[in-house]
Amino acid sequence: MVLISCKNCHKMYEKQNYDDFVCSRCNHLVRKRIKDSLQVSIALTICAILLYIPAMLYPIMEVTRLGVKVESTILGGVISFLEYKSYFIAFVVFTASVVIPMIKLVGLLFIFISIKVKVKMHNNRKILIFKFVEAIGKWSMIDIYVVAILASVVQLDEIFNIKGGIAATSFALMVILTMIAANRFDTRIIWDEQ
Ligand SMILES: [Zn+2]
């Protein structure tokens, strides 16, 4: 007899073996481990890291004012906020779009590598890092909201026009890929004997 819990709703089942079955409470497919969870999560995290580069280097928005186009990167925006003495906004933008995504990507990559390579750290601490990465995840979309809201509010065609740049697309994709990577990761792997 083995005890298996549904990863989605945590209902416990007593089964003969680890064969896959559908949860009777939430219709979620229950398996011993999510298939290729670590490989898929590593691949998604690497893609997200690659997307982080254009997100930082290319303009996040294009402002066209009386036909003159001004482009601004995330860091350029932070510097302008500092110049206008808007320290709080500068801090929020910098934290949400530069620091948090970086912590998330480094944290995830660290956990994934620590499973492959022997790292002297207690599994509880790895779970803690993972929980932290999951918890701060929701705050990194703030930047996209700001561009989206600005673009929809200030849209006066040729006179004044704000458009999301290449970085906005890369940034949104990066956040989504990081979210899937974290969500697709089966934390039970951490406890498996290697
Ligand atoms: Zn369930």
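- Per an unreviewed UniProt entry, the protein goes by Paraquat-inducible protein A and derives from Arcobacter venerupis.
- In UniProt, the protein has this text filed under Subcellular location (unreviewed entry): "Cell inner membrane".

**A short note on the packing of aromatic side chains**
Consideration 1: Applying the stated criterion to the full structure yields 3 aromatic pairs.
Consideration 2: Relative to Phe 21, the ring of Tyr 13 has its centre 4.9 Å away and its plane inclined at 75°; by these criteria the two rings are edge-to-face.
Consideration 3: Residue Tyr 13 is classed as buried on the basis of its relative accessible area, which comes to 11%.
Consideration 4: An angle of 50° between the planes, with centres 5.4 Å apart, marks the rings of Phe 130 and Phe 185 as tilted. A residue pair is termed long-range when its members are at least 10 positions apart, and Phe 130 in helix H4 (residues 123–137) and Phe 185 in the segment after helix H6 (166–184) qualify at 55 residues.
Consideration 5: A relative accessible area of 4% means that Phe 130 is categorised as buried.

**Structural notes on the side chain of Ser 114**
Consideration 1: Secondary-structure assignment places Ser 114 in helix H3 (residues 87–116).
Consideration 2: Within polar-contact distance, the side chain of Ser 114 engages the backbone oxygen of Ile 111 at 2.7 Å.
Consideration 3: Discounting chain neighbours no more than four positions away, the residues touching Ser 114 are Val 119 and Lys 126.

**Description of a nonpolar patch on the surface**
Consideration 1: There is a patch of nonpolar side chains on the surface, built from Ile 46, Leu 50, Ile 53, Leu 57, Tyr 58 and Ile 166 and spanning about 610 Å² of accessible area.
Consideration 2: Sort the elements by how many residues they give to the nonpolar patch and helix H1 (residues 37–57) lands first, with 4 residues.

Criteria and cut-off values
- Residues numbered from 1 in each chain as written.
- Predicted model: local features only at pLDDT ≥ 70, side-chain atom pairs only at ≥ 80, totals over all residues.
- Heavy atoms only, no water.
- UniProt positions renumbered as here; feature names shortened; annotations may be inferred.
- Phe/Tyr/Trp six-rings, centres within 6.5 Å; stacked < 30°, edge-to-face > 60°.
- Buried < 20%, exposed > 50% of the residue type's maximum accessible area, 1.4 Å probe, protein only.
- Helix = DSSP H or I, 4+ residues; strand = E, 2+ residues; numbered from the N terminus.
- Polar contact = N/O pair within 3.5 Å; in protein donor to acceptor, adjacent residues only side chain to side chain.
- Contact = heavy atoms within 4.5 Å.
- Patch = residues over 30% accessible without salt bridge, like charges linked within 9 Å, V, L, I, M, F, W, Y side chains within 5 Å.
- Areas by Shrake-Rupley, 256 points an atom, 1.4 Å probe, with all protein chains shown as cover.
- Salt bridge = Lys/Arg side-chain N within 4 Å of Asp/Glu carboxyl O.

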